[in-house]
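Residue-level listing of the chains:
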Amino acid sequence: MLWLLFLTLPGLGSSVPVTPGPGPGRELVGIVGGCDVSARRYPWQVSLRFYNSKRRQWVHQCGGSLIHPQWVLTAAHCMEPENMTPSKAGVQVGQLRLYDHRKLTMVKQVIRHPKFNSSQGAKGGADIALLRLEAPVTLSADVNLVLLPPASLRVPERKMCWVTGWGNINYKSPLPPPYHLQEVEVPIVGKEVCNQRYQKVEKNPRPIKEDMLCAGSEGRDSCQGDSGGPLVCSWNCTWVQVGVVSWGHQCGLRDFPGVYARVTSYMSWISQHVRLSPGS
Ligand code: 4AZ
């Protein structure tokens, strides 16, 4: 019941109309196997940008989610190297297409999880980071917070959830212009099954750690460039972020679901830094 407290954050459910999943007549164009997102369905989705001095442009690098007006949740491996200056990073909120020339909000502080190990990368676990923005963003119909789960929430195998991003639409195929945000529905894959699959390609006998979550099926997955973005599932008609896009063996392969940082494992760490009080 405690987790109902989290449901009182502003504007959720109501700002996310439930629309049917991909079906006949909707062209498969992106994330992997995804479709163009309709306006205001994922108002928490942000694009994490880094300044590229050669291109003189803020280039999309990763996804993220707005969990508080001044805080973004993303993947630690997006915030490399460890000593990077926060001023090299910005986020774009409230947009469906990349590079629509709206204002960037600058990042003031980067908090990577202390257990994230740069040399192991995402596969080492704790692939989670918090970005404090220079100023709180103004919430609206296009910009809103995602709910986080109580630490006790169990995410059942085979539950259908959604992942969003501007990442590759296939292994090594980038999302083409106009770079419209993509969504795809993915089933949660149990840890045992996921471990069995990944044992075939990883040296580690149990590559899927306790703080990871697997989701995806053949042709439906997140991919490079989606990292840091949210995996959300609906509980009682409310979207809750249960995963952060982290890693995988290529993208959309039948035997290799996407691997996500499990948000429930990090709720106490997140709460240490971000005041997620009810109604905040
Ligand atoms: C990546 O390289 C990556 N299929 C992200 C997600 C997945 C694979 C790779 C999941 O950032």
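Starting afresh in each chain, residues are numbered from 1 along the sequence in its written order. At least 70 in pLDDT is required for a residue's local features to be given in this predicted model, at least 80 for side-chain atom pairs to be given and counted, and no such filter applies to totals for whole chains, interfaces and linings, which use all residues. As a rule here, side-chain values cover all heavy atoms of the structure and leave hydrogens and water aside.

1. Some thoughts on the sheet that holds strand 2 (residues 45–52)
For two strands to count as paired, DSSP must find a minimum of two bridges between them. The helix and strand labels rest on DSSP assignments: H or I over at least four residues marks a helix, E over at least two residues marks a strand, and numbering proceeds from the N terminus. Strands sit in the order 2-3-4-7-6-5 around a closed barrel of 6 strands; the barrel is antiparallel. On average, each strand axis in the sheet is tilted by 45 degrees relative to the strand beside it, whichever way the strands run. The pairing of strand 2 with strand 3 (residues 57–68) spans 8 bridges and is classified as antiparallel. Bridged to serine 47 within strand 3 is glycine 63. Orientation is described by lines fitted to C-alpha atoms, with helices fitted over the stretch in contact, and by angles between N-to-C directions that extend from 0 to 180 degrees.

2. Quick look at the side chain of aspartate 221
Locating aspartate 221 in the fold gives a position in the loop between strand 10 (212–215) and strand 11 (230–235). Burial classes: relative accessible area under 20% of the type maximum marks a residue as buried, over 50% as exposed, and values in between as partly exposed (1.4 Å probe, protein chains only). When charges are counted, Lys and Arg are positive and Asp and Glu negative, with His and the chain ends excluded. Between Lys or Arg on one side and Asp or Glu on the other, a salt bridge is scored when a side-chain nitrogen of the former is within 4 Å of a carboxyl oxygen of the latter. For the buried aspartate 221, which has no salt bridge, the nearest side chain bearing the opposite charge is arginine 220, at an N-O separation of 11 Å. Here a residue-residue contact requires only that any non-hydrogen atoms of the pair lie within 4.5 Å. Residues contacting aspartate 221, with those up to four places away along its chain left out, are Ile31, Val32, Val184, Val186, Ala215, Gln250, Cys251, Gly252, Phe256, Pro257, Gly258 and Tyr260.

3. Some remarks on the layout of surface pockets
Here the idea is plain: a probe the size of a water molecule rolls over the atoms and shows the empty space left. In this structure, the largest pocket occupies an estimated 640 Å³ of space. Put simply, the grid is 1 Å and covers the protein atoms alone, a cavity is a trapped set of points that fit a 1.4 Å probe, a pocket is an open set with protein on both sides within 12 Å along at least five of seven lines, and lining residues have an atom within 4 Å of a point. Asn168, Cys223, Gln224, Gly225 and Ser227 are the residues nearest the centre of the largest pocket, which is lined by 30 residues in total. For the lining of the largest pocket, the secondary-structure elements that each account for two or more residues are strand 3, strand 12 (238–247) and strand 13 (258–262). For the lining of the largest pocket, the element with the highest residue contribution is strand 3, accounting for 4 residues. Gly falls in the polar group here, along with every residue not listed as nonpolar (Ala, Val, Leu, Ile, Met, Phe, Trp, Tyr, Cys, Pro) or charged (Asp, Glu, Lys, Arg). When its residues are assigned to classes, the lining of the largest pocket shows 15 nonpolar, 13 polar and 2 charged. Grid points are joined across faces, edges and corners, and a volume is the space filled by probe spheres set on the points.

4. Observations concerning the environment of valine 186
Along the chain, valine 186 turns up in strand 9 (residues 182–189). Valine 186 sits in the buried class, given a relative accessible area of 0%. Valine 186 sits 153 residues away from glycine 33 along the chain, and the two C-alpha atoms are 9.9 Å apart. Residues in contact with valine 186, not counting those within four places in the same chain, are Lys159, Met160, Cys161, Val163, Ala215, Gly216, Arg220, Asp221 and Leu231.

5. Quick notes on the site of the ligand
Any residue with a non-hydrogen atom lying within 4 Å of a molecule or strand is treated as near it. Residues in contact with the ligand, as listed here, are Asp221, Ser222, Cys223, Gln224, Ser227, Val245, Trp247, Gly248, Gln250, Cys251 and Gly258. Distance and chemistry together define a polar contact, namely a pair of N or O atoms within 3.5 Å, with one atom able to donate a hydrogen and the other to accept it when in protein, and with adjacent residues in sequence counting only for side-chain atoms on both sides. Aspartate 221 places a polar side-chain atom, nitrogen or oxygen, 2.7 Å from a nitrogen atom of the ligand. Methods summary: accessible areas were calculated by the Shrake-Rupley approach with a probe of 1.4 Å, and residue burial reflects only the protein chains presented. Alone, the ligand offers 300 Å² of accessible surface; in the complex the protein occludes 85% of this. The pocket occupied by the ligand, as judged from atoms lying within 2 Å of grid points, is the largest pocket. In terms of residue class, the shell around the ligand is built from 4 nonpolar, 6 polar and 1 charged. Each molecule is checked against the cavity or pocket grid, and it sits inside if more than half of its atoms lie within 2 Å of the grid points.

6. Things to note about the nonpolar core
Generally speaking, nonpolar side chains in soluble globular proteins are found buried as a group. In these notes, a set of buried Ala, Val, Leu, Ile, Met, Phe, Trp, Tyr and Cys residues joined through side-chain atoms within 4.5 Å is what counts as a nonpolar core. Among the nonpolar cores identified, the biggest contains 50 residues, and Ile67, Leu73, Met79, Val91, Leu130 and Ile270 are the most heavily contacted of them. When residues of this core are traced back to their parent elements, those giving at least two are strand 2, strand 3, strand 4 (71–74), strand 5 (89–93), strand 6 (105–112), strand 7 (129–133), strand 12 and helix 2 (267–273). Counting residues in each nonpolar core, the second largest holds 17 residues, with Ile31, Leu153, Leu231 and Cys233 among its members.

7. A word on the pattern of salt bridges
Within the structure shown, the criterion is met by 9 salt bridges. Glutamate 183 is the partner of arginine 41 in a salt bridge, and the nearest nitrogen-oxygen pair spans 2.7 Å. Of the two residues, arginine 41 is situated in the loop between strand 1 (35–36) and strand 2 and glutamate 183 in strand 9; the sequence distance between them amounts to 142 residues. Accessibility classification places arginine 41 together with glutamate 183 in one group, the buried group. Taken together, the shared-partner salt bridges in this structure form one network comprising Glu80, Glu82 and Arg112.

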